[in-house]
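Topology and contacts: notes
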Amino acid sequence: MKKIGLFLSLLFFYAVTAFAQNDVKVRFGGQVGFNMSKWAGDYETLYGTSFRMGGNLGGLAEIQVNQKWSIQPELMLSMEGTKTDGGSIKFFEKAHKVDPEVPVYKVDLPESVSAMYIKVPIWVLYSFSVGPGRLSPGLGVYVAWAFTGKAGDGDEGTFSDNSYYRQVYENLQNHYKDAEQDFSPLDKHNMEMWDKSIPRRFDYGLGFKAIYELEKKAPGLFGSLGVTEGLTGAYNLNLGFSVGYKFKYNKWLRTRYNTGILEYNP
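Residues numbered from 1 in each chain as written. Predicted model: local features only at pLDDT ≥ 70, side-chain atom pairs only at ≥ 80, totals over all residues. Heavy atoms only, no water.

**Remarks on the pairing of strand 6 (residues 105-108)**
Our working rule: Burial status follows relative accessibility: with a 1.4 Å probe on protein chains alone, a residue under 20% of its type maximum counts as buried, one over 50% as exposed, and anything between as partly exposed. Helix numbers and strand numbers start at the N terminus; a helix is a DSSP run of H or I with at least 4 residues, a strand a run of E with at least 2. A pair of strands counts as paired when DSSP detects no fewer than two bridges linking them.
Going residue by residue along strand 6, you find Tyr 105 and Val 107 tucked away on one face and Lys 106 and Asp 108 left uncovered on the opposite face. The sheet contact formed by strand 5 (residues 88-91) and strand 6 spans four bridges and is antiparallel. In the strand pairing of strand 6, Phe 91 is matched with Tyr 105.

This is how it looks when you write it as structure tokens:
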């Protein structure tokens, strides 16, 4: 992870220093597609997860540093989430065997969880000709913020203070306080894992993306395939496919105050 981060930092520094050159160009575009996502990490260990279908929509800016290298920041609306194995988890079973007055606490798991993110990936791309078009693979980083979501029927919101996850965690804490005895290491471990697996609104991580543009047949038209993986406790593993269009480098990109990054240079 550290090596990838260092590599991206060096490429980003190289691109920033190149912005002062007059041959740097920018073009904008849009894209739409679908996702296959699931929540991994501690969340997957606790629930068991599988991929859930969703969609994505957004815009991009391709900043061409030279003929080979470019940086592409994006602003995406991404519908993600996860499916779980369903069923239920039982807590305090060993404590119940020792003391029958200690109730077994049963947690029913939601089968499907939705989350809508505002996602900002930044890709460092290397381009070369392949057949009738241009292939641009690259690495990137992203940050994302979830503004809505739902975990099964009756949930007030995946990320709200009264969400299914927080209510269950509070109930588990209360059970520990009410039952005056020590519980098994497994119960305590599950409690800690439950806390870590509570979905947070903010997510960040790394990714890989490959873009193929029909440069000769239909300039500007492209398809892309990418994967991002988060670094948080209930992090996202997301596979995405998009199609889109990048506009040409036009004169209106030039301003009287800027003769570098936005300079018209066909």
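Anyway, onward from the coordinates.
**Things to note about the environment of Ala 61**
The condition is simple: Any two residues having at least one pair of non-hydrogen atoms within 4.5 Å are treated as being in contact.
By the element assignment, Ala 61 lies in strand 3 (residues 52-64). Spatially, the C-alpha atoms of Ala 61 and Arg 27 are 5.8 Å apart, while their sequence positions differ by 34 residues. Non-local contacts of Ala 61, meaning those with residues more than four positions away in its chain, are made with Arg 27, Phe 28, Ile 71, Gln 72 and Pro 73.

**Digging into the pattern of salt bridges**
For clarity, the cut-off: Note on definitions: salt bridges are taken to be side-chain nitrogens of Lys or Arg within 4 Å of carboxyl oxygens of Asp or Glu.
Applying the stated criterion across every chain yields a total of eight salt bridges. For Lys 38, the salt bridge goes to Glu 44, with nearest N and O atoms at 3.0 Å. Given a relative accessible area of 27%, Glu 44 falls into the partly exposed group. Between Lys 246 and Glu 62 there is a salt bridge whose closest N-O contact spans 2.7 Å. Taken together, the residues Lys 246 in strand 12 (residues 236-246) and Glu 62 in strand 3 connect sequence positions 184 residues apart. For Lys 246, a relative accessible area of 3% puts it in the buried group. Using a relative accessible area of 2% as the deciding quantity, one classes Glu 62 as buried. Among the ionic contacts, a cluster of salt bridges with common partners joins Arg 27, Glu 62, Arg 134, Glu 213 and Lys 246.

The analysis is restricted to geometry; functional conclusions fall outside its scope.
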